[in-house]
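Below are the chains, spelled out letter by letter.
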Amino acid sequence: MKTQLLKPSQVLQAAEIIKNGGLVALPTETVYGLGADAFNPLAIKKIFIAKGRPSDNPLIVHIAQFEELFDLVSDVKEPAKKLIETFWPGPLTVILPRLPHVPDEVTAGLNSVAVRMPSHPLMRRVIKLAETPIAAPSANLSGKPSPTKVSHVIDDMDGKIDAILDGGDCSVGLESTVISFMRATPQILRPGAITVEQIEGIIGAVEVDSAVLSPVKEGQTIESPGTKYKHYAPNAKVIILDCSREKFIDFVNANTNSEVAALCFDEDIRFLKVKSISFGKEIDEAMQANRFFDSLRKFDTLPNIKTIYARCPSKSGIGLAVYNRLIRAAGFEIKKL
Ligand code: TXA
Ligand code: MG
């Protein structure tokens, strides 16, 4: 299949492809999404094939106007309503009881559906012009880092989908915060740019699913199917070193060989004797979020790197979201020094 690269002025073409049951990679403020008509099961099936995504992992449905929420969900309780009013449009996904006509292909047969209203103007125009909500997972091959630049989407999806709408670089750089309202206490299933602190400031205490910070154990009930799969992995093995800058530099420099590289902060680079890629300043978690996936993808362009030692981000604010993605990229391999 020939994949068309569409310019921002070609939003109408992107919308036409979606309307006709095709697949278009679309820019959002978080990461690029691989979009299809949420009410067209055949189109949705193509998403899973293009990504190589397990069919039991449900998709987020993207809307452009509040009214569209009521075409998808049966009930919006007060806390969910408050969060929606505060953070939409933006990087927040809510999981609510679904209406029966939402295709099983989207929800993986669950009794809930994930919905988000993105703030990216191009994405919103495509949804409006397509006149349908758009189901979209991140537009990467399953298991690879999420795409934050159009070049990442081309690397993973060229030849597999109908078109890619070029919207430049994504401003947030990590996927949305996912919060479920399917139980008495709201539960954060995936941290993102809307932080736990911000959410608790609006609706009070929430639970943070144990899968945010630790691997899913055998036999454990899984709230979010996505948490059980390997994620974001570059070709080399990632090992997180949880320690001070000094200890990190000493350890990496003592274990240097041509197959070792470092994922570090800006301030570390000049002290390291191995190939190093920074994902931002140590104190700037928003910058780390923004550069994280691009940095991971850059390691795949370095020849013969087998091990990547990574600095550990802080776990507060949006740092928790960066840490959540990093521990998955590392397959939960963390060394405390
Ligand atoms: O920022 C984002 O959320 C991006 C952009 C494109 O909007 N999308 C994204 O989609 O990250 P995806 O498919 O890569 O991640 C969606 C996550 C998965 O972990 C999935 O298991 C979970 O949300 N999810 C979707 N529907 C769910 C549901 N009904 N119940 C529990 N988890 C759900
Ligand atoms: Mg994804």
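Now for a look at the structure at hand. (Residues numbered from 1 in each chain as written. Chains lettered and ligands numbered in written order. Predicted model: local features only at pLDDT ≥ 70, side-chain atom pairs only at ≥ 80, totals over all residues. Heavy atoms only, no water.)

**Overview of helix α1 (residues 11–19)**
Along an α-helix, a turn takes 3.6 residues, which lines up residues three or four apart on a common side. Stated formally: Summary of the burial criterion: residues with accessible area below 20% of their type's maximum are buried, those above 50% are exposed, and those between are partly exposed, where the area comes from a 1.4 Å probe applied to protein chains only. By definition, any uninterrupted DSSP run of H or I lasting at least four residues is a helix, any uninterrupted run of E lasting at least two residues is a strand, and each is numbered from the N terminus. This arc is built from the directions going out from the helix axis to the C-beta atoms. Note on contacts: a residue pair is in contact if any heavy atoms of the two residues lie within 4.5 Å.
Looking only at α1, the buried set comprises V11, A14, A15, I17 and I18. For α1, the angular spread of buried residues about the axis comes to 160°, placing them on one side. Close packing links the buried residues of α1 with β1 (4–6), β2 (24–26), β3 (33–37), α5 (121–130), β7 (134–135) and β8 (163–165). Just past α1, the residue G21 takes up positive phi, approximately 85°.

**Focus: helix α7 (residues 196–203)**
V196, I199 and I203 are the residues of α7 that are buried. The buried residues of α7 all sit within an arc of 65° when viewed along its axis, so they share a single face.

**Considering the pattern of salt bridges**
Worth spelling out the cut-off: Each reported salt bridge corresponds to a side-chain nitrogen of Lys or Arg within 4 Å of a carboxyl oxygen of Asp or Glu.
For the coordinates displayed, the defined rule picks out 19 salt bridges. Here K336 and D242 are joined by a salt bridge, their closest N and O atoms 2.9 Å apart. Separated by 94 residues along the polypeptide, K336 in strand β16 (residues 334–336) and D242 in strand β12 (residues 237–242) bring together distant segments of the chain. K336 sits in the exposed class, given a relative accessible area of 67%. A salt bridge links K306 to E259, with the nearest nitrogen and oxygen atoms 3.2 Å apart. One end of the pair, K306, is in the loop between α9 (285–299) and β15 (307–311); the other, E259, is in the loop between α8 (245–254) and β13 (260–264), and 47 residues separate them in sequence. E259 sits in the partly exposed class, given a relative accessible area of 32%. Connected via shared salt-bridge partners are R245, D268, E282 and R311.

**Comments concerning the pairing of β3**
To keep things clear, this is the line we draw: Two strands are said to pair when DSSP picks up at least two bridges between them.
With 5 of 5 residues buried, β3 lies mostly within the body of the structure. As defined by bridge partners, β2 adjoins β3 across 3 bridges and the pair is classed as antiparallel. Counterpart to A25 in the pairing with β3 is L34. Where β2 hands over to β3, the hairpin turn is made up of 6 residues, counted between the paired strands. Alignment of β3 against β7, held across 2 bridges, turns out to be antiparallel.

**Section: the packing of aromatic side chains**
Filter applied, for reference: What counts as a ring pair is set by centres within 6.5 Å for rings of Phe, Tyr and Trp (its six-membered ring), and what kind of pair is set by the plane angle: stacked under 30 degrees, edge-to-face over 60, tilted for all other angles. Whether a charge sits over a ring depends on NZ of Lys or CZ of Arg being within 6 Å of the ring centre and within 35 degrees of the ring normal.
Taken as a whole and judged by the stated rule, the model has 6 aromatic pairs. Relative to F279, the ring of F265 has its centre 5.1 Å away and its plane inclined at 35°; by these criteria the two rings are tilted. Here F265 is found in the loop between β13 and β14 (275–278), whereas its partner F279 is found in the loop between β14 and α9, with 14 residues between them in sequence. One exposure class covers both F265 and F279, and it is buried. Ring centres of F279 and F292 lie 5.9 Å apart, and the angle between their planes is 65°; on these two criteria the pair is classed as edge-to-face. Linking F279 in the loop between β14 and α9 with F292 in helix α9, this pair joins segments that are 13 residues apart in sequence. With respect to class, F279 is no different from F292; both count as buried. A cation sits over an aromatic face here: R311 above F248, 5.7 Å from the ring centre. Its end group placed over the ring of Y323, K315 keeps NZ or CZ at 4.8 Å from the ring centre.

**Some thoughts on the sheet that holds β12**
Backbone hydrogen bonds hold the strands of a sheet together, and the pairing may be parallel or antiparallel. Heads up, the condition is: Axis definition: a line fitted to C-alpha atoms, over the contacting stretch in the case of helices. Angles run 0 to 180 degrees between N-to-C directions.
The parallel open sheet is built from 5 strands, whose spatial order is β14-β13-β15-β12-β16. With partners counted over all chains shown, the strands left at the sheet margins are β14 and β16, one partner each. Neighbouring strand axes in the sheet, compared pairwise and without regard to direction, differ in orientation by 25° on average. Along the sheet, α8 makes contact with β12, β13, β15 and β16, crossing β15 at roughly 165°. Of the strands in this sheet, β12, β13, β15 and β16 touch helix α10 (residues 319–329), which is tilted by about 130° from β12.

**A short note on the nonpolar core**
To keep it simple, the criterion reads: The set of buried Ala, Val, Leu, Ile, Met, Phe, Trp, Tyr and Cys residues whose side-chain atoms join them within 4.5 Å is what this entry labels a nonpolar core.
Counting residues in each nonpolar core, the largest one holds 48 residues, and the members touching the most others are L69, W88, L92, I179 and I199. For this core, the secondary structure elements donating two or more residues are β3, α2 (41–51), α3 (78–87), β5 (92–97), β6 (112–116), α6 (150–157) and α7. For L92, the residues in contact, after removing those within four places along its chain, are L83, F87, V115, R116, S176, T177, I179, I194 and I199. Grouped together as the second largest cluster of nonpolar side chains are 28 residues, V31, I318, Y323 and A330 included.

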